[in-house]
Amino acid sequence: MAETKQVDEGTDAKRAARAERAAAKLAKRISAFSKEHGGAEGQVAYIGERGARIVLVGEDGGWGDLVAPSYAVAEQAVEKSGITVHEAFDGEFAAKVRTGPYEWTRMAGIQIGGPSDG
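Throughout, residues of each chain are indexed from 1 in the direction in which the sequence is written. Note on the predicted model: pLDDT of at least 70 is required for a residue's local features to be given, and 80 or more for side-chain atom pairs to be given and counted; whole-chain, interface and lining totals, by contrast, use all residues. Calculated side-chain values reflect all of the structure's heavy atoms, with hydrogen atoms and water omitted.

**As for the overall build of the protein**
Only DSSP runs of H or I reaching four residues or more are called helices, and only runs of E reaching two or more are called strands; each is numbered from the N terminus. A count of helical and extended segments in the protein gives 4 helices and 4 strands. Each helix (α) and strand (β) of the protein, taken in turn from the N terminus, gives the series α-β-β-β-α-β-α-α. Here a residue-residue contact requires only that any non-hydrogen atoms of the pair lie within 4.5 Å. In the protein, the share of contacts with a sequence separation of at least 24, taken over all contacts with a separation of at least 6, comes to 53%. Here the accessible surface of atoms and residues is derived via Shrake-Rupley with a 1.4 Å probe, and residues count as covered only by protein chains that are part of the display. Accessible area for the protein stands at about 8,200 Å²; split by element, carbon and sulfur atoms hold 53% of it.

In structure tokens, the structure reads:
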């Protein structure tokens, strides 16, 4: 029984180290986005087995997203990066997003048979 416990603890330690590295890597990317866009805010959304999506909105209206392997890793990453995190993507936060011609063309193409780049 002791041997099994030791193996489990080793596996848990490896998982924790892997999660810590993933969070640090994501935090670095979030910080770079924030620096490039004059600051940033975010929102974390659970997306099932795939993990969690971190949506980022810059002070200049630029936006992007990242996918973390788990919700816990996503939370660690945004905490390490120091950005403001919203519980929902709505209201004033969503209004900060600025879209360009590409997004509008793609949305029109998807929704009403508008132009597409294919």
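**A closer look at the nonpolar core**
What makes a nonpolar core is a set of buried Ala, Val, Leu, Ile, Met, Phe, Trp, Tyr and Cys residues whose side-chain atoms join them at distances within 4.5 Å. Burial classification: accessible surface area is computed with a 1.4 Å probe over protein chains only, and a residue below 20% of its type maximum counts as buried, one above 50% as exposed, and the rest as partly exposed. One finds Leu-26, Ile-30, Ile-54 and Leu-56 to be the most contacted residues of the largest nonpolar core, which totals 16 residues. Mapped by element, the contributors of at least two residues to this core are helix H1 (2-36), strand S1 (40-46), strand S2 (52-58), strand S3 (63-68) and helix H2 (71-81). Residues within four places of Leu-56 in sequence aside, it is in contact with Ile-30, Phe-33, Glu-41, Gly-42, Gly-62, Trp-63, Gly-64, Leu-66 and Ile-83.

**Focus: the pattern of salt bridges**
Only one rule defines a salt bridge in this text: a Lys or Arg side-chain nitrogen within 4 Å of an Asp or Glu carboxyl oxygen. Evaluation of the coordinates by the stated rule reveals 4 salt bridges. Of the charged contacts in the structure, one is a salt bridge between Glu-20 and Lys-80, with a shortest N-O distance of 2.5 Å. Of the two residues, Glu-20 sits in helix H1 while Lys-80 sits in helix H2, which places them 60 residues apart along the sequence. Relative accessible area serves as the criterion here: at 43%, Lys-80 is assigned to the partly exposed category. Note that Asp-65 is salt-bridged to Arg-53, the shortest N-O span being 2.6 Å. Taken as a pair, Asp-65 in strand S3 and Arg-53 in strand S2 lie far apart in primary sequence, 12 residues in all. Here Asp-65 falls in the partly exposed class, since its relative accessible area comes to 38%. By relative accessible area, which is 33% here, Arg-53 ends up partly exposed.

**Details of the side chain of Gln-43**
Among the secondary structure elements, Gln-43 is positioned in strand S1. Leave out the neighbours within four places in its chain, and Gln-43 touches Arg-53, Ile-54, Val-55, Val-85, His-86, Glu-87, Ala-88, Phe-89 and Phe-93.

**A few points about the sheet that holds S3**
What makes two strands pair is DSSP finding at least two bridges between them. Ordered by their spatial adjacency, 4 strands build an open sheet running S3-S2-S1-S4, and the pairing between neighbours is mixed. Each edge of the sheet is formed by a strand with only one pairing partner; in this case those strands are S3 and strand S4 (84-86). With direction set aside, neighbouring strand axes in the sheet form an average angle of 25 degrees. Pairing of S1 with S2, which is carried by 7 bridges, proceeds in the antiparallel orientation. By the bridge assignment for S2, Ala-40 is matched with Gly-58. The convention used is that axes are lines fitted to C-alpha atoms, helices contributing only their stretch in contact, and that angles between N-to-C directions extend from 0 to 180 degrees.

No statement about biological role is implied by the geometric values presented.
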